[in-house]
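# What the coordinates show
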Amino acid sequence: VIYDEELTAVSMQQLAQAMQNKGYFRVEVDTVQKVKDRKMDLTYTVVANAPYTVRKYTVDIDRSEVREIAMQKQRKVDKGMQFDAELMDEERQRITKRMHNKGYFYFDKSMLVYTADSSYRDNTVEVEMALADYVKAMPDSVQERIYTPLRIRRVFFHCDGDNFIRESVLRRNCRLKEGELYAEWRVERTYTLLNNLGAVKYVDISFDPIGKDELDC
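Let me sum up the structure you'll find in this document. (Residues numbered from 1 in each chain as written. Predicted model: local features only at pLDDT ≥ 70, side-chain atom pairs only at ≥ 80, totals over all residues. Heavy atoms only, no water.)

Further remarks concern the nonpolar core. Generally speaking, a soluble globular protein has its nonpolar side chains buried in company with each other. Ranked by size, the top nonpolar core spans 28 residues in total, and within it Y57, V66, I95, M99, F107, L112 and Y147 carry the most contacts. Elements represented by at least two residues in this core include exactly strand 3 (53-60), helix 2 (64-70), helix 3 (85-101) and strand 5 (124-131). Every residue in contact with F107, bar those within four places of it in the chain, is listed here: V66, T96, M99, H100, L112, L131, I146 and Y147. Listed in part, the 18 residues of the second largest apolar core include I152, I165, V169 and V187. (Core = buried A, V, L, I, M, F, W, Y, C linked by side-chain atoms within 4.5 Å. Buried < 20%, exposed > 50% of the residue type's maximum accessible area, 1.4 Å probe, protein only. Helix = DSSP H or I, 4+ residues; strand = E, 2+ residues; numbered from the N terminus. Contact = heavy atoms within 4.5 Å.)

The following block contains the structure:
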């Protein structure tokens, strides 16, 4: 491999970013180069220094539907823990999944953002979870759609191929029920049950919005 100074710098930045994502905001990354006979031994050195811990975690979300989930005891982020960007992303995913399981079909993880203020000198960071600015700027009609739980109106089955499967069998293995709220866990369970049927080779579940508060599946 031919030595490339720019690629080495990029690698150093990536190492530093990976450490910072785990809370080591004062990480020091350097290289040690030993050249002999036109060959180089390149060693990356990483000094982590002390990690940052969360001194304060706040949820600045005015929508009660989201705030109540974000403040649950099951949350993955809290005061006193070591800062971890991966856990913050998992928390965004947790909130989104709970929203989906409560029928909020249009809610998306990208609607949640967090900020981390590491300007304190005592190796602590203040973390805040909030709705993204683009969500706050949405017209009332769009926000109403996002925060309206949707129910399943009708469930249809369409089979391709030579293998015939009775609709009663499909419905028995479908956890999406007409009249009930949309829930992500029901979609996942239905995929599992239908894929376990011997005659089924491929499953696709899609939804069509009907009016303001219903879905056809």
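Alright, that's what it looks like, and here's the rest.
What follows concerns the pairing of strand 1 (residues 28-36). Summarising the sheet, strand 1 and strand 2 (residues 39-47) pair through nine bridges and their orientation is antiparallel. Paired with E28 across the two strands is V47, which belongs to strand 2. From the end of strand 1 to the start of strand 2, which pair antiparallel, there are two residues, and D37 there has a positive phi angle of about 55 degrees. (Pairing = 2+ DSSP bridges.)

Along the chain, R92 falls in helix 3. Note on R92: relative accessible area 15%, which makes it buried. Those residues within four positions of R92 in sequence are excluded, and the remaining contacts are K109, S110, L112, Y114 and M129.

Once that is clear, we can look at the state of the cysteines. Inspection of every chain in the model, using the stated rule, returns zero disulfides. No disulfide involves C159; its sulfur sits 12 Å from the nearest other cysteine sulfur, which is in C174. Of the residues examined, C159 reaches a relative accessible area of 41% and is grouped as partly exposed. Of all cysteine sulfurs in the structure, the one in C217 sits closest to C174, which takes part in no disulfide; the separation is 5.8 Å. (Disulfide = S-S within 2.5 Å.)

Let us now look at the packing of aromatic side chains. Applying the stated rule across the entire model yields six aromatic pairs. Centroid distance F25 to F83: 5.3 Å. Interplanar angle 45 degrees. Geometry classified as tilted. Separated by 58 residues along the polypeptide, F25 in the loop between helix 1 (5-21) and strand 1 and F83 in the loop between helix 2 and helix 3 bring together distant segments of the chain. Accessibility expressed as a relative area gives 5% for F83, which makes it buried. (Phe/Tyr/Trp six-rings, centres within 6.5 Å; stacked < 30°, edge-to-face > 60°.)

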